Amino acid sequence: MFRYLVLLILPILLGACASPLPPDNVCMEMRLGDSALAGTQRAPLTISRPPPVVEMMSSTVNSMAGVFTRRATDEARPRTVAAPINVAVFSSGGQWGAFSAGFMNGWSGNPVSQRPEAFDVVTGVSTGALIAPFVFAGPEYDDELAQVYYGVSEERILRRRNTVELVGRTSLWDPSPLGRTIDGHLDGPLTDSIAAASERRSLLVGAVNLNSGFFEVFDLTSMASSANPQRTGCMREALLASSAIPVAFPPRRIDDSLYIDGATRQGLFLQGLAEANVQPTLYIFLNTTEGFPFEEPEHSLPGVVSRASAIANDELFRSSAIETLLFAQEQGWTVRGVLAPEVWPGPDCDLQNGQKAAFCASFTRQLYQAGLAAGSAQPINWLGADELISTLRRQSTAMMQGG
């Protein structure tokens with residue numbers, strides 16, 4: 001009799017585990033066009049069109065082709081002139097984003113190593129995507145950036161679901177607090193500020209299309225300047241999609257596709273620069289440190305999943321960062337990068353179940369202050385591509401060889 005009851009109840013339980021699709025967010029103009037992505041989706045370092053500043057400079061150079069010539073025996077030929085641009089690249093890294101937030105605030109007031117007035121291109125993934133709009137809008141939004149990251153705790157980012165809530169859900173955590181945090185800062189004035197620069201500069205964030213498996217780029221400058229009355233809401237969805245950590249957060253549904261954290265493919269990315277005639281200076285902010293923390297995972301499904309995901313994400317992040325840096329080296333681009341000091345959350349960041357909080361107020365304050373000091377240093381201790389690559393490789397090798 002018990003066997004038949006199990007057979008009767010099992011389909012009901014399994015059916016309850018299927019979560020309905022979230023509502024669709026129709027934001028087509030936010031995503032880079034299919035034609036721009038065609039043939040390049042498997043090479044996320046070189047996706048899509050050049051940024052507007054590049055297109056503008058290229059047309060200027062072409063119109064002056066007669067000026068930039070060199071003598072030849074039979075005819076003068078135009079000489080290619082590379083346009084100098086500044087590019088800010090913000091990586092994934094969760095609460096480690098507090099380091100980059102502090103760095104940008106410190107850099108704004110640095111009289112020796114001065115911050116560019118504006119970045120021509122800003123890209124971000126996951127926590128880097130949350131940082132990117134404020135950096136793109138300029139130093140006048142430093143206070144907003146500080147409010148988002150300084151002392152941020154779990155209560156402002158997520159709510160852990162209880163065991164009963166997990167039935168029929170696609171994630172361990174509820175991201176509603178993060179949505180409210182974004183809503184509190186991504187407002188009309190910030191959207192208008194981003195839109196005002198859309199003809200000259202580009203703000204881009206990355207996410208992974210769960211349907212196709214491809215890394216895709218959302219053009220937030222195009223979205224901000226569009227006639228879509230929901231433009232700010234669509235930008236919000238792009239940020240939530242870019243930071244939708246698999247299993248931890250549910251995927252976001254945009255234009256009938258599901259999107260998850262861009263870091264599942266690329267921890268950071270460059271955008272449209274390889275095809276453009278530019279000579280960029282890349283400011284790369286790695287929201288990580290050289291090491292990897294020791295932690296005793298809770299002996300439960302969420303605890304094991306959380307720890308295993310952290311290990312996999314760490315290795316994927318280092319691999320994609322090295323790939324990006326090698327690519328920049330091959331192009332001959334200038335790289336100036338930073339990563340956080342090797343500090344870890346203290347005992348006060350422990351939860352009752354033994355896990356570490358995903359966002360701990362004391363630790364994000366510590367990271368922010370470390371970033372503030374690094375950005376205020378005179379001069380700033382920028383690391384070149386070689387130094388960044390060797391640092392990332394050193395830890396990856398140590399982890400694979402057991403120390």
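Our structure is the block above this text.
Notes on the structure follow.

### A word on the pattern of salt bridges
Okay, so step 1: Under the counting rule described, the total for this entry stands at nine salt bridges.
Okay, so step 2: One salt bridge connects R115 with D142, and the closest N-O pair in it is separated by 3.2 Å. On the criterion of sequence distance, the pair formed by R115 in the loop between α4 (97–108) and β4 (121–125) and D142 in helix α6 (residues 142–149) is long-range, its members being 27 residues apart.
Okay, so step 3: Across the salt bridge formed by E237 and R236, the nearest N and O atoms sit 3.0 Å from each other.
Okay, so step 4: With a relative accessible area of 5%, E237 lands in the buried category.
Okay, so step 5: By relative accessible area, which is 22% here, R236 ends up partly exposed.
Okay, so step 6: Through salt bridges with shared partners, a single ionic network connects D183, R236, E237 and R252.

### Topic: the packing of aromatic side chains
Okay, so step 1: The tally for this structure, following the rule as stated, stands at 19 aromatic pairs.
Okay, so step 2: Measuring from ring centre to ring centre gives 5.2 Å for W107 and W382, while their planes differ by 65 degrees; the resulting arrangement is edge-to-face. In this pair, W107 is assigned in helix α4 and W382 in the loop between α12 (361–376) and α13 (385–401), connecting sequence segments 275 residues apart. Each member of the pair, W107 as well as W382, carries the same accessibility label: buried.
Okay, so step 3: Taking the centre distance of 5.8 Å and the plane angle of 75 degrees together, the rings of F327 and W333 count as edge-to-face. Judged on exposure class, the residue F327 and its partner W333 are both buried.

### Re α6
Okay, so step 1: Among all positions in α6, only D142, L145, A146, V148 and Y149 are buried. What you see down the axis of α6 is that its buried residues fit within an arc of 160 degrees, all on one side.
Okay, so step 2: The elements touched by buried residues of α6 are α4, α5 (127–137), α7 (176–185) and α12.
Okay, so step 3: Positive backbone phi, approximately 70 degrees, marks G151, located one or two places after α6.

What counts, and where the lines are drawn
- Residues numbered from 1 in each chain as written.
- Predicted model: local features only at pLDDT ≥ 70, side-chain atom pairs only at ≥ 80, totals over all residues.
- Heavy atoms only, no water.
- Salt bridge = Lys/Arg side-chain N within 4 Å of Asp/Glu carboxyl O.
- Helix = DSSP H or I, 4+ residues; strand = E, 2+ residues; numbered from the N terminus.
- Buried < 20%, exposed > 50% of the residue type's maximum accessible area, 1.4 Å probe, protein only.
- Phe/Tyr/Trp six-rings, centres within 6.5 Å; stacked < 30°, edge-to-face > 60°.
- Arc of directions from axis to C-beta.
- Contact = heavy atoms within 4.5 Å.

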